[in-house]
Amino acid sequence: MGKLTNFKRSLWVFHASGGSCNACDIEIIAALTPRYDVERFGIKLVGSPRHADVLLVTGAIPRDFADKLRRIYEQMADPKAVVVVGNCGTSGGVFYDSYNIAGPIDEIIPVDVYVPGCPPRPEAIIDGVVKAWLKLEKLEKELEGKKE
Amino acid sequence: MTWIESLTLNSPSGFWNPIVWLALLIVFAVIGYVIYSRGNRSYKPNTDQVKPFLSGNEVEDVEEIRVRAGDIYWGFIEALKGYYNVLMRMHSGDLRDYILWYLGLGAIILFILVGGV
Ligand code: SF4
């Protein structure tokens, strides 16, 4: 059998909320509740970026939070993917061009998947995480390639 | 008595043998190496990636957030500041300085005792 190079483990997710109104966050929680129950696929929220494969970011990111978000991103092990949940993080949303906003998020850290909506439905968030999974498979293959 | 028995120290509660100890050390070193070799090699040293996670906050220097043992003597050192400032400047932590002091003072004492003034 050939060598398996795809992402061979459950997907652990760290959620960083940067000035969100909480509605996006509550939809992420909804994805974990029995109705959607993403944990049955191994998608699990973890308490530290050191354990996470995916960084889920919500909110427009106030200026004071930008360096913290950068640090959280840097503390994740490779390969890693970033999913932005909600219009706030994607474009600034209703806070677009506000004086105290450092976002949109892709101006602070590299973003792999955008999940638009205000707030997006849990189905959309799950879809975004699955897209991140595909990206991680690609990155893992690249890392494996580098090692050989 | 075999040579391995001659190295064994028996006591009522057990025995001690350096060869057995060495063998155990090697076994644990191999286990340690196997665990180490399975670690993630893609980590980046000298970045935030190797620092503890503190909700995204910068990890402060422990000296700034802990009470140090030296702080217990704070009042004492503060009261005798003049004396300690001189003493602390001399206390460089460099062994060569201390040997120089030792030789210098030794020479002076020898001069006084033997040479006589
Ligand atoms: S995108 Fe909408 S729901 Fe999400 S944090 Fe911003 S305002 Fe709230």
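Note that the coordinates shown come from a computational prediction; the quantities given were computed from them, not determined experimentally.

### Remarks on the packing of aromatic side chains
- Scanning the model with the defined rule gives five aromatic pairs over all chains in all.
- For the ring pair B:Y33 and B:Y36, a centre distance of 6.2 Å and an interplane angle of 40° mean the geometry is tilted. Of this pair, B:Y33 and B:Y36 both sit in helix α2 (residues 18-37), separated by three residues, roughly a single helical turn. The two residues B:Y33 and B:Y36 agree in class, both being exposed.
- Judged by centre distance (6.2 Å) and plane angle (55°), the ring pair of B:F76 and B:Y84 falls under tilted.
- Over the ring of A:W12 we find A:K44, and its NZ or CZ is 5.1 Å from the ring centre.

### Regarding the layout of surface pockets
Residues and elements named next belong to chain A.
- The volume enclosed by the second largest pocket comes to roughly 180 Å³.
- Residue lining of the second largest pocket: 14 residues in total, with C21, C88, V94, F95 and C118 positioned closest to the centre.
- Taken together, the elements giving at least two residues each to the lining of the second largest pocket come down to α1 (23-32) and α3 (87-91).
- Here the lining of the second largest pocket is built from residues that sort into eight nonpolar, six polar and no charged.

### Here we look at the site of the ligand
Residues and elements named next belong to chain A.
- Near the ligand you find S20, C21, A23, C24, G86, N87, C88, G117, C118 and P119, and these make up its full shell.
- Listed by contribution, the elements that provide at least two residues to the shell around the ligand are α1 and α3.
- Among the residues making up the shell around the ligand, the classes are represented as six nonpolar, four polar and no charged.

### Here's the deal with the nonpolar core
Residues and elements named next belong to chain A.
- L11, I43, V54, L56, V83, V85 and A132 are the most contacted members of the largest nonpolar core, which totals 21 residues.
- Those elements giving two or more residues to this core turn out to be α1, β3 (54-58), β4 (81-85), β5 (113-115) and α4 (122-147).
- Apart from the residues lying within four places of it in its own chain, the contact partners of I43 are L11, V13, L32, V38, V129 and W133.
- Membership of the second largest hydrophobic core comes to 19 residues, among which are F14, L69, I72 and V84.

### A short note on the pattern of salt bridges
- Summed over all chains, the structure comprises 12 salt bridges over all chains.
- With a shortest N-O distance of 3.8 Å, A:R71 and B:D48 are connected by a salt bridge. One end of the pair, A:R71, is in helix α2 (residues 63-75); the other, B:D48, is in the loop between α2 and α3 (62-65), on a second chain.
- According to the relative accessible area criterion, A:R71 is buried, its value standing at 13%.
- The salt bridge partner of B:K44 is A:D78, with a shortest N-O separation of 2.9 Å.

### Considerations on the environment of B:Q49
- Counting through the fold element by element, B:Q49 comes out in the loop between α2 and α3.
- Not counting the four nearest positions on each side in its chain, B:Q49 is found in contact with A:R50, A:E74, A:Q75, A:M76, A:A77, A:D78, A:K80, B:S42, B:Y43 and B:K44.
- Separated by 2.7 Å, the side chain of B:Q49 and the backbone oxygen of A:M76 make a polar contact.
- Of note is the side chain of B:Q49, whose polar atom sits 2.6 Å from the backbone nitrogen of B:K44.

### Quick notes on the UniProt feature "transmembrane region" (unreviewed entry) in chain B
- Here the UniProt feature "transmembrane region" (unreviewed entry) sits at residues 15-36 and 98-116 of chain B.
- With 86% helix and 9% strand, residues 15-36 of chain B has end C-alpha atoms that lie 32 Å from one another.

### A word on the pairing of β3(A)
All names here are of chain A.
- Among the five residues of β3, five are classified as buried, and the element is accordingly described as predominantly covered.
- Inspection of the sheet shows strand β1 (residues 12-17) paired to β3 by five bridges, in the parallel sense. For F14, the partnering residue across the bridge sits in β3 and is L55.
- As judged from the five bridges shared by β3 and β4, these two strands associate in the parallel manner.

### Quick word on the interface of chain A and chain B
- Contacts between the two partners involve 15 residues from chain A and, on the opposite side, 13 residues from chain B.
- In this assembly, chain A packs against chain B so that about 1,200 Å² is buried in total across both faces, 46% of it on carbon and sulfur atoms.
- Viewed at the interface, chain B and chain A are joined by three salt bridges.
- Counting the contacts that link chain A with chain B gives eight residue pairs in polar contact (both at pLDDT 80 or more).

### A closer look at the environment of B:Y98
All names here are of chain B.
- Note that Y98 resides in helix α6 (residues 95-115).
- Those residues in contact with Y98 that lie beyond four places of it in its chain are M90, H91, S92 and G93.
- Among the polar contacts made by the side chain of Y98, one reaches the main-chain amide nitrogen of G93 at a distance of 2.8 Å.

Definitions and cut-offs
Residues numbered from 1 in each chain as written. Chains lettered and ligands numbered in written order. Predicted model: local features only at pLDDT ≥ 70, side-chain atom pairs only at ≥ 80, totals over all residues. Heavy atoms only, no water. Phe/Tyr/Trp six-rings, centres within 6.5 Å; stacked < 30°, edge-to-face > 60°. Helix = DSSP H or I, 4+ residues; strand = E, 2+ residues; numbered from the N terminus. Buried < 20%, exposed > 50% of the residue type's maximum accessible area, 1.4 Å probe, protein only. Lys NZ or Arg CZ within 6 Å of the ring centre and 35° of its normal. 1 Å grid on protein atoms, 1.4 Å probe; cavity = no way out; pocket = protein on both sides within 12 Å on 5 of 7 lines; lining within 4 Å. Points joined across faces, edges and corners; volume = space filled by probe spheres on them. Nonpolar A, V, L, I, M, F, W, Y, C, P; charged D, E, K, R; others polar. Near = heavy atom within 4 Å. Core = buried A, V, L, I, M, F, W, Y, C linked by side-chain atoms within 4.5 Å. Contact = heavy atoms within 4.5 Å. Salt bridge = Lys/Arg side-chain N within 4 Å of Asp/Glu carboxyl O. Polar contact = N/O pair within 3.5 Å; in protein donor to acceptor, adjacent residues only side chain to side chain. UniProt positions renumbered as here; feature names shortened; annotations may be inferred. Pairing = 2+ DSSP bridges. Buried area = accessible area lost by both parts, 1.4 Å probe.

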